[in-house]
Amino acid sequence: MDQGTPKRSYRRHFIIVSLLVAVVAIISTIGLRAMPKFPRASTQALTVDWLYDLHLVVIGFLFALVMVFMLYSLFVFRRKPGEDGDGDHFEGNTKLEIVWTVLPLIIVLAFGVIGAVTLKDVTAAQEDEMTVNVTAFSFGWQFDYPDLGVEKATTLNLPVGQPVLFKLKSLDQDVIHSFYVVEFRVKQDLVPGVPTQLRVTPNVEGAYKVRCNELCGTGHTNMLADVNIVNQTDFDAWVVEQKAAFSPERLAALGQELHASQGCIACHNVTGDPGGVGPTWKGLYGAQREFADGSTGVADEEYLRSSILASQERIVAGYAAVMPQNYADVLSDQQVQAIIEYIKTLQ
Ligand SMILES: [Cu+2]
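Residues numbered from 1 in each chain as written. Predicted model: local features only at pLDDT ≥ 70, side-chain atom pairs only at ≥ 80, totals over all residues.

## Describing the sheet that holds strand S9 (residues 206-212)
Alright, step 1. Ordered by their spatial adjacency, five strands build an open sheet running S4-S10-S9-S6-S7, and the pairing between neighbours is mixed. Taken across any chain shown, the strands that pair with only one partner, and hence form the sheet edges, are strand S4 (156-159) and strand S7 (187-190). For this sheet the average axis-to-axis angle between neighbouring strands, irrespective of direction, equals 25°.
Alright, step 2. Across two bridges, the pairing between strand S6 (residues 177-180) and S9 is antiparallel. The residue bridging Tyr 180 from the neighbouring strand is Arg 211, located in S9. (Pairing = 2+ DSSP bridges. Helix = DSSP H or I, 4+ residues; strand = E, 2+ residues; numbered from the N terminus. Axes fitted to C-alpha atoms, helices over the stretch in contact; angles between N-to-C directions.)

See the structure below:
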């Protein structure tokens, strides 16, 4: 150190570095916050984005702290030509150590508290919630509106401004999926056997998408469902339409057509005659099934769905695993449901 006592010149470095940290922190925070975000479409999104922006302040500050100290040291304290002595010796600095222990502690604790408060805010029950039961399966979504009598909808339609309670589940034989609409900002896993829930109040009309947010298998990227946030009148009209289109009778009729048009008829008869390539569908619904691996099960809706979409998983005892494997790609959710409704009528 060339001028003054070592103590004074260190103070000068410290002031310069502090100022640089402040300037760089402000610039990086402004830059980070200027980055585009997805549009918001729920009241919860506001809270989440507020917390996110708060994090950007800390990220900007930490970035500045690390970068300025590092670059300043690299350039200002370079070994200059002719300098070949050792650096100054330090015995530690208690004040500094206290500061860099206490300050992060306070920041982390503060974020813990703020996080808990915002989580409580985002998950708080609202008045007059509408319940929507969401079922995830590899690889699709199904929505039931128990309060309205709408079942097995393949799109998620919601009236704007209406608080919604999503009750989420994954099929029993399935894997973990995650319900995420980026414009809502909140998300929740769907775990087989563990019901979960999520609250959203959609507040901007528009078309969005549910995306599975948990890598769940080969169809993961296609595990999408349309979300339509509409006004109350359009929503009511949709409810009426859904009830008609998805009535069990209409579906069963469609299922009967599919039995022939999709070629199921080649291996599955509906008359009860034995000797087909695959088991007869007569009396199948609700029947006890035995599988090649010795296990048993009841032919309920979930069993039928997985038998169609992933027949290889359980092979009916006494039959060969020759059923085509592409029905998950070929059939829509509604078509699969239609076949199930048809099988139900074959008692
Ligand atoms: Cu998934």
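We are not done yet, so read on.
## Focus: the environment of Gly 161
Alright, step 1. Within the secondary structure, Gly 161 sits in the loop between S4 and strand S5 (164-170).
Alright, step 2. Sequence separation between Gly 161 and Gly 92 is 69 residues; the distance between their C-alpha atoms is 59 Å.

## Comments concerning the sheet that holds strand S3 (residues 150-153)
Alright, step 1. Spatially, the five strands line up as an open sheet ordered S3-S2-S1-S5-S8, and their pairing is mixed. What marks the edges here is a single partner per strand, and that holds for S3 and strand S8 (196-200). Taking each pair of neighbouring strands and ignoring which way they run, the sheet shows an average axis angle of 20°.
Alright, step 2. Note: strand S1 (residues 130-137) against S5, seven bridges, orientation parallel. What sits directly across from Val 134, in S5, is Leu 168.

## Comments concerning the domain arrangement of the protein
Alright, step 1. Examined at the domain level, the protein breaks down into domain 1 (6-78 + 92-123), domain 2 (130-245) and domain 3 (248-345).
Alright, step 2. The C-alpha-based centres of domain 1 and domain 2 are spaced at 37 Å.
Alright, step 3. Counting from both sides, the interface comprises 12 residues of domain 1 and, opposite them, 14 residues of domain 2.
Alright, step 4. Among the secondary structure elements, those contributing two or more residues to the side of domain 1 that touches domain 2 are helix H2 (43-76) and helix H3 (94-123).
Alright, step 5. Of the residues contributing to the side of domain 1 that touches domain 2, the split by class is six nonpolar, four polar and two charged. (Domains from an automatic or database assignment. Contact = placed C-beta atoms within 7 Å. Nonpolar A, V, L, I, M, F, W, Y, C, P; charged D, E, K, R; others polar.)

## Things to note about the packing of H2 against H3
Alright, step 1. Remark: H2 packs on H3, axes separated minimally by 10 Å, with the N-to-C direction vectors making an angle of 170°. As judged from the angle between their axes, H2 and H3 are roughly antiparallel. Taking contact as the criterion, the partners of Gln 44, Thr 47, Val 48, Leu 51 and Val 58 in H2 are, on H3, Ile 107, Ile 114, Thr 118, Asp 121 and Val 122.
Alright, step 2. In the contact of H2 with H3, the residues fall into six nonpolar, three polar and one charged. (Parallel < 35°, antiparallel > 145°, perpendicular 65-115°, else oblique.)

## Quick word on the pairing of S7
One face of the sheet, then the other: side chains in a regular strand alternate in exactly this way.
Alright, step 1. Pairing geometry for S6 and S7, over four bridges, is antiparallel. Counterpart to Phe 179 in the pairing with S7 is Gln 188.
Alright, step 2. What sits between the antiparallel neighbours S6 and S7 is a turn of six residues, in which Arg 185 has the positive phi angle 75°.

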